[in-house]
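Here are the chains, one letter per residue:
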Amino acid sequence: MLPADAATLSLSILTVVLVVWFSLENFVLDKHVRYILTIYPVVIWALSGSITKNYHTAAPSQTGIFIAVLLALACALFVTRVVLVIWRHIKQPLYKDVSPEAMSPMEIAQRQKKIFC
């Protein structure tokens, strides 16, 4: 396998994982991962490093273009995620009728539904 093909395959897998994770965290696992936002800055940071090393403006390669598009997608998903988290925090709070002083973290954990049980 050529290095360019391996890079394209790796970036394709990263694209699928990024889109699937975005869908899962926003529609299936929202109650459990609502305030976890660190995935997107890590992907943006890694793709920025990769584009710095591999993108040549004079003659962009297929891999360089793929990295640039994936970086734009990751930035768009990150902005969308932040907006969704803020909107849901205001419109659909996780704990409506409970004051934070009234419950300990152990009581909150016991009242939550289990993900895989």
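Before going into details, it helps to say that this report is about the structure given with it. (Residues numbered from 1 in each chain as written. Predicted model: local features only at pLDDT ≥ 70, side-chain atom pairs only at ≥ 80, totals over all residues. Heavy atoms only, no water.)

Attention now goes to the overall build of the protein. Secondary structure assignment for the protein yields 5 helices and 0 strands. Each helix (α) and strand (β) of the protein, taken in turn from the N terminus, gives the series α-α-α-α-α. In the protein, which comprises 117 residues, the proportion classed as buried is 21%. Partitioning the contacts of the protein with sequence separation of at least 6, the portion at a separation of at least 24 is 74%. (Helix = DSSP H or I, 4+ residues; strand = E, 2+ residues; numbered from the N terminus. Buried < 20%, exposed > 50% of the residue type's maximum accessible area, 1.4 Å probe, protein only. Contact = heavy atoms within 4.5 Å.)

This part covers helix H4 (residues 62-91). The terminal C-alpha atoms of H4 lie 43 Å apart, and with 30 residues this matches the ideal 44 Å at 1.5 Å per residue to within 8%. Taken together, the buried positions of H4 are occupied by Thr 63, Gly 64, Ile 67, Leu 70, Leu 71, Ala 74, Leu 77, Arg 81, Val 85 and Arg 88. Buried residues in H4 make contact with helix H1 (3-28), helix H2 (30-33) and helix H3 (39-54). (Expected span 1.5 Å × (residues − 1).)

Further remarks concern H1. When the terminal C-alpha atoms of H1 are compared, their 36 Å separation across 26 residues agrees well with the 38 Å that a helix rising 1.5 Å per residue should span. Taken residue by residue, H1 has Thr 8, Leu 11, Leu 18, Phe 22, Glu 25 and Asn 26 as its buried positions. Those residues of H1 hidden inside the fold are in contact with H2, H3 and H4.

By size, the foremost hydrophobic cluster in this structure holds 12 residues: Leu 11, Leu 18, Phe 22, Tyr 40, Val 43, Ile 44, Leu 47, Ile 67, Leu 70, Leu 71, Ala 74 and Leu 77. The set of elements that each furnish at least two residues to this core consists of H1, H3 and H4. Ranked by residue count, the leading element in this core is H4, at 5 residues. (Core = buried A, V, L, I, M, F, W, Y, C linked by side-chain atoms within 4.5 Å.)

In this section: the environment of Arg 88. Relative to the helices and strands, Arg 88 resides in helix H4. Looking at Arg 88, the relative accessible area reads 10%, which means it is buried. Taking the C-alpha atoms as reference points, Arg 88 and Arg 34, separated by 54 residues in sequence, lie 8.8 Å from one another. Aside from chain neighbours lying at most four places away, what touches Arg 88 is Asn 26, Phe 27, Asp 30, Arg 34 and Pro 93.

All right, on to the pattern of salt bridges then. For the coordinates displayed, the defined rule picks out 3 salt bridges. The closest approach of N and O atoms between Glu 25 and Arg 81, which form a salt bridge, is 3.4 Å. Within this pair, whereas Glu 25 is found in helix H1, its partner Arg 81 is found in helix H4, the two being separated by 56 residues in sequence. One exposure class covers both Glu 25 and Arg 81, and it is buried. Note that Arg 34 is salt-bridged to Asp 30, the shortest N-O span being 2.7 Å. Overall, Asp 30 belongs to the buried group, its relative accessible area being 11%. Through salt bridges that share partners, Asp 30, Arg 34 and Arg 88 make up one connected network. (Salt bridge = Lys/Arg side-chain N within 4 Å of Asp/Glu carboxyl O.)

Honestly, it's all geometry; don't read function into it.
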